[in-house]
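# Results of the structural survey
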Amino acid sequence: MAKVQSLATASLRHDDTLDAMRIPALNHAEAGVMAREELNRLLAVFESLSEDDWGQPTDCTEWSVCDILAHQAGAYAGFASWGEFRRTMKAKPGPGQMQIDAINAQQLADRAGRSPAELIGELHQVGPKAINTRQRLPWPLRKLRVPMGPPLGTTAVEYLTDLIYTRDTWMHRVDICRATGRPFTQTPEHDGRSVALVLRDLAHKLQ
């Protein structure tokens, strides 16, 4: 885990930035492979947890481990059903909130009182459906640019559906492993690629 964190947070010198900009972009087919692998790894971590783990605080300071599970179940549910997608996108931000804050709060409120086992069951059900939906989005829709507010600004739909959603799951897997002392499973093909894509994004923002 330390290696991943050090790579992801390293500052880039000018030559490093040029090298990082040469990292190949994520393509749509690869995005599906990475999304399914990351979901499987996340579920494996959740299924390894004990009763004492669920209330542990995380680096997301307002969320416990169980809250992150509820957030992930809600995030995937939003792409498993278009009705659910429309409903959660209507969440109203409070004072000082961004839209994503309101959506996250809605995800947790919808699942208040559910047990970890119920939430894991939901994630098993909606996760693969959500990834399949994202993979079936037609090319014109994937290329459509939408305003997302800071820090993303205006960005293509596929940047969110192919990259950001999987990165969010990957980052929360780190959160859970740190909070519970579970090992963070890493492979060069998956986690190394995830970190490389972070560096690619950073390099393009710094150019």
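Coordinates for the structure precede this section.
Residues numbered from 1 in each chain as written. Predicted model: local features only at pLDDT ≥ 70, side-chain atom pairs only at ≥ 80, totals over all residues. Heavy atoms only, no water.

### Here's the deal with the overall build of the protein chain
- Secondary structure summary: the protein chain contains 10 helices and two strands in total.
- Ordered by position from the N terminus, the helices and strands of the protein chain form the series α-α-α-α-α-α-α-α-β-β-α-α.
- A burial count over the protein chain gives 43% of its 207 residues as buried.
- Long-range pairs, those at least 24 residues apart, make up 70% of the contacts in the protein chain between residues at least 6 apart in sequence.
- As displayed, the protein chain offers around 11,000 Å² of accessible surface, 58% of which is attributable to carbon and sulfur atoms. (Helix = DSSP H or I, 4+ residues; strand = E, 2+ residues; numbered from the N terminus. Buried < 20%, exposed > 50% of the residue type's maximum accessible area, 1.4 Å probe, protein only. Contact = heavy atoms within 4.5 Å. Areas by Shrake-Rupley, 256 points an atom, 1.4 Å probe, with all protein chains shown as cover.)

### Let's talk about the side chain of His-190
- In this fold, His-190 is placed in helix α10 (residues 188-206).
- The buried category is assigned to His-190, whose relative accessible area is 4%.
- Discounting chain neighbours no more than four positions away, the residues touching His-190 are Met-34, Glu-37, Glu-38, Arg-41, Trp-170 and Arg-173.

### Let's talk about the pattern of salt bridges
- Under the definition given, this model contains 15 salt bridges.
- Arg-173 is the partner of Glu-38 in a salt bridge, and the nearest nitrogen-oxygen pair spans 2.6 Å. Pair noted here: Glu-38 is in helix α3 (residues 28-48) and Arg-173 is in helix α9 (residues 157-180), with a separation of 135 residues, a long-range link. Each member of the pair, Glu-38 as well as Arg-173, is classed as buried. (Salt bridge = Lys/Arg side-chain N within 4 Å of Asp/Glu carboxyl O.)

### Quick notes on empty space enclosed by the protein
- Per the stated rule, a full pass over the model turns up one cavity of 30 Å³ or more.
- Of the pockets and cavities examined, the largest cavity occupies roughly 100 Å³.
- Leu-26, Met-34, Asp-162, Leu-163, Thr-166, Arg-167, Trp-170, Ser-194, Leu-197 and Val-198 are the residues that line the largest cavity.
- Contributing elements (two or more residues each) for the lining of the largest cavity: α9 and α10.
- It is α9 that provides the largest number of residues to the lining of the largest cavity, a total of five residues.
- Looking at side-chain class alone, the lining of the largest cavity contains six nonpolar, two polar and two charged residues. (1 Å grid on protein atoms, 1.4 Å probe; cavity = no way out; pocket = protein on both sides within 12 Å on 5 of 7 lines; lining within 4 Å. Points joined across faces, edges and corners; volume = space filled by probe spheres on them. Nonpolar A, V, L, I, M, F, W, Y, C, P; charged D, E, K, R; others polar.)

### Examining helix α4 (residues 65-80)
- Under the 1.5 Å per step criterion, the end-to-end length of α4 is 23 Å for 16 residues, consistent within 8% with the ideal 22 Å.
- Extensive coverage of α4 is indicated by the burial of 14 of its 16 residues. (Expected span 1.5 Å × (residues − 1).)

### Points about the environment of Thr-166
- Structurally, the position occupied by Thr-166 is in helix α9.
- Judged by relative accessible area, which is 7%, Thr-166 ranks as buried.
- As a C-alpha pair, Thr-166 and Glu-38 span 128 residues in sequence and 6.9 Å in three-dimensional space.
- If we skip the residues at most four places from it in the chain, Thr-166 touches Met-34, Ala-35, Glu-38 and Arg-134.

### A look at the layout of surface pockets
- If you add up the space inside the second largest pocket, you get close to 430 Å³.
- Lining the second largest pocket are 19 residues, and of these Thr-155, Tyr-159, Leu-163, Arg-200 and Asp-201 sit closest to its centre.
- When contributions to the lining of the second largest pocket are tallied by element, the ones reaching two or more residues are β2 (154-156), α9 and α10.
- Considering every element that reaches the lining of the second largest pocket, the biggest residue donor is α10, with five residues.
- Across the lining of the second largest pocket, the residue classes tally to seven nonpolar, five polar and seven charged.

### Notes on the environment of Leu-26
- Within the secondary structure, Leu-26 sits in the loop between α2 (14-21) and α3.
- In this structure Leu-26 comes out as buried when scored by relative accessible area, which is 19%.
- Linking Leu-26 and Leu-197, residues 171 residues apart in sequence, is a C-alpha distance of 7.6 Å.

### A few points about α3
- Helix length check: α3, at 21 residues, gives a terminal C-alpha distance of 31 Å against a target of 30 Å (1.5 Å per residue), a fit within 8%.
- In this fold, the buried residues of α3 make contact with α4, α7 (116-136), α8 (139-143), α9 and α10.
- Looking at where α3 begins, the residue whose side-chain oxygen comes 3.2 Å from the main-chain nitrogen of Ala-29 is Asn-27. (Polar contact = N/O pair within 3.5 Å; in protein donor to acceptor, adjacent residues only side chain to side chain.)

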